[in-house]
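# Residue-level structural notes
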Amino acid sequence: MEAVLTGILVWILGGLAALILSRFPRLASTVGASAAVVGALIALTPTLRVLLDGGRESQVLPWDAVHGRFHLELDPLGAAFLLPILGLSVISAVYGAKYLMAYRHKKSLGAPWFFFNTFIAGMTLVVIARTVLLFVVAWEVMSLTAFFLITFEHEDAGVRRAGWVYLVAAQLGVAFLLAAFMILGNHARSLEFAAFTSATTLSATTAGAVFVLTLIGFGAKAGVVPFHVWLPEAHPAAPSHVSALMSGVMIKMGLYGLLRVLTFLGQPAPWWGITLAVTGMITALVGISVALYQRDIKRIVAVDGGADGPAGGLVPGNGPNAVLRVGLCRPGATAAPGKSSRADRQRISADPGIAVIRGNLQRLVVGCHRNNVRVAGCARTRVKQ
């Protein structure tokens, strides 16, 4: 856990250094990108160790009685989400270092790198936080830094509108999450996740209310229909390396949060699985339908990420109480648990949105900014409207 905290410290200090060096764009960009890469590599070792060994690493420090302990923990579920955060952060930082140089004569590059590194630190804290206060603070850091990254070209009215739409959706989602955590905290008489897990079982009505609140709250971040309105607007507005990080891992934080909260609720009700299946299928179908008439490549990637990402990860298992199955298949896959048919494998191989690594690389290789205009050394091309 010390290595993960060290990585977070490197990101924050590197971002501050880039901010201080704003007058020297090339140096600020080098420092910011290097900090992102070094911090990710430092945090990679414990992440792989936990993921392969199935163990846990934690850090507990005394805090005041009201907010509980300062509790951080990396378990296999968190490590499964932290690994793509670290991997894609490295790729995005390397690409972004060259990408942003195209703006060195027009904009300060220190602030974008400060927000980029803080954005990575926020997502990392989300997956290791084990108290409500830490989780909500990390969630807000992730959301607010994403807003500043999206509005990098804030002089454009369309970019400002996209940023505000995203921010409103993000804050509405937080309101629902706070309501859910208030219910859990009142029941457990604590704001620590461990207390939520060990507390007596919630009543069916209370557990159902928490499930709905968290589905809305995390669904807003994940781009689940009908809370997806920000998704096709924010991604095309953001710089390409930021859009890759948002569609590659940020929207998956919604899936992580839902999975984490479901571990607090005990035996799931049968209607939860039906709700997740219907929500996932509707989100996938809407995402595909919207993508069909889009001409902006980054907008297509955004809606494809919403269809194949969180929605594709929520798949009902065998029986009404097997609510979740995390995998690479979209809702409706017929393969048995742990197996896949030849048709499924062919479909997965043919769909770049399902293959996580290839999908993320696709987002980077496209290298387009808004309106399909390539920048940062790429040939300037535009799709005919």
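Reading guide: rules and limits
- Residues numbered from 1 in each chain as written.
- Predicted model: local features only at pLDDT ≥ 70, side-chain atom pairs only at ≥ 80, totals over all residues.
- Heavy atoms only, no water.
- Helix = DSSP H or I, 4+ residues; strand = E, 2+ residues; numbered from the N terminus.
- Buried < 20%, exposed > 50% of the residue type's maximum accessible area, 1.4 Å probe, protein only.
- Contact = heavy atoms within 4.5 Å.
- Core = buried A, V, L, I, M, F, W, Y, C linked by side-chain atoms within 4.5 Å.
- Pairing = 2+ DSSP bridges.
- Phe/Tyr/Trp six-rings, centres within 6.5 Å; stacked < 30°, edge-to-face > 60°.
- Axes fitted to C-alpha atoms, helices over the stretch in contact; angles between N-to-C directions.
- Parallel < 35°, antiparallel > 145°, perpendicular 65-115°, else oblique.
- Left-handed = near helix turned anticlockwise from the far one by under 90°.
- pLDDT = per-residue confidence, 0-100.
- Patch = residues over 30% accessible without salt bridge, like charges linked within 9 Å, V, L, I, M, F, W, Y side chains within 5 Å.
- Areas by Shrake-Rupley, 256 points an atom, 1.4 Å probe, with all protein chains shown as cover.
- Salt bridge = Lys/Arg side-chain N within 4 Å of Asp/Glu carboxyl O.

## So, the overall build of the chain
If you tally the helices and strands in the chain, you get 16 helices and 2 strands. Per-residue burial for the chain yields a buried fraction of 54% across its 385 residues. A sequence separation of at least 24 residues applies to 71% of the contacts in the chain between residues at least 6 apart.

## Re the environment of Gly7
Along the chain, Gly7 falls in helix α1 (residues 2-20). Judged by its relative accessible area of 0%, Gly7 falls in the buried class. Gly7 sits 117 residues away from Thr124 along the chain, and the two C-alpha atoms are 9.4 Å apart.

## Some details on the nonpolar core
Residues Phe181 and Met250 are the most contacted members of the largest nonpolar core, which totals 92 residues. Element by element, the count of residues in this core is highest for helix α6 (residues 157-188), at 12 residues. Residues within four places of Met250 in sequence aside, it is in contact with Phe119, Met123, Met142, Ala146, Tyr166, Lys221, Trp230 and Leu245.

## Regarding the pairing of strand β2 (residues 70-74)
Of all 5 residues that make up β2, 4 are buried, and the element is covered over most of its length. Taken together, the 5 bridges between strand β1 (residues 57-61) and β2 define a ladder with antiparallel strand orientation. By the bridge assignment, Ser58 is partnered in β2 with Glu73.

## A closer look at the packing of aromatic side chains
Inspection of the entire model under this criterion finds 22 aromatic pairs. An angle of 85 degrees between the planes, with centres 6.2 Å apart, marks the rings of Trp271 and Trp272 as edge-to-face. Take Trp271: its relative accessible area is 40%, and that puts it in the partly exposed class.

## Remarks on helix α11 (residues 252-262)
The buried count for α11 comes to 11 of 11 residues, which makes it a mostly enclosed element. Within α11, burial applies to Lys252, Met253, Gly254, Leu255, Tyr256, Gly257, Leu258, Leu259, Arg260, Val261 and Leu262.

## Considering the packing of α1 against helix α4 (residues 110-128)
Between α1 and α4, the shortest axis-to-axis distance is 7 Å and the interhelical angle comes to 165 degrees. It follows that α1 is roughly antiparallel to α4 by the angle criterion. The crossing of α1 and α4 is left-handed. Facing α1, whose interface residues are Val4, Ile8, Trp11, Ile12, Gly15, Leu16, Ala18 and Leu19, α4 presents Gly110, Ala111, Trp113, Phe114, Asn117, Ile120, Ala121, Thr124, Leu125 and Ile128.

## A word on the confidence of the model for the chain
In regions of low pLDDT, the predicted coordinates are not meant to be interpreted in detail. Put simply, the chain has an average pLDDT of 77, and 74% of its residues get 70 or more. Least confident of the elements in the chain is helix α16 (residues 356-366), whose mean pLDDT is 39; most confident is α4, at 95.

## Topic: the environment of Thr201
Counting through the fold element by element, Thr201 comes out in the loop between α7 (193-198) and α8 (204-222). The exposure class assigned to Thr201 is exposed, which follows from its relative accessible area of 64%. The spatial distance from the C-alpha of Thr201 to the C-alpha of Phe264 is 8.8 Å, given a sequence separation of 63 residues.

## Quick word on a nonpolar patch on the surface
Together, Leu9, Ile12, Leu13, Leu16 and Leu19 line one region of the surface with nonpolar side chains, adding up to about 410 Å² of accessible area. Inspection of the secondary structure puts Leu13 in helix α1.

## Some thoughts on the pattern of salt bridges
Within this structure, the stated rule accounts for 7 salt bridges. A salt bridge links Arg49 to Glu57; its shortest N-O distance comes to 2.7 Å. Overall, Arg49 belongs to the partly exposed group, its relative accessible area being 38%. Arg130 is paired through a salt bridge with Glu73; the nearest N and O atoms lie 3.6 Å apart. Note that Arg130 is positioned in the loop between α4 and α5 (132-150) and Glu73 in strand β2, a separation of 57 residues in sequence.

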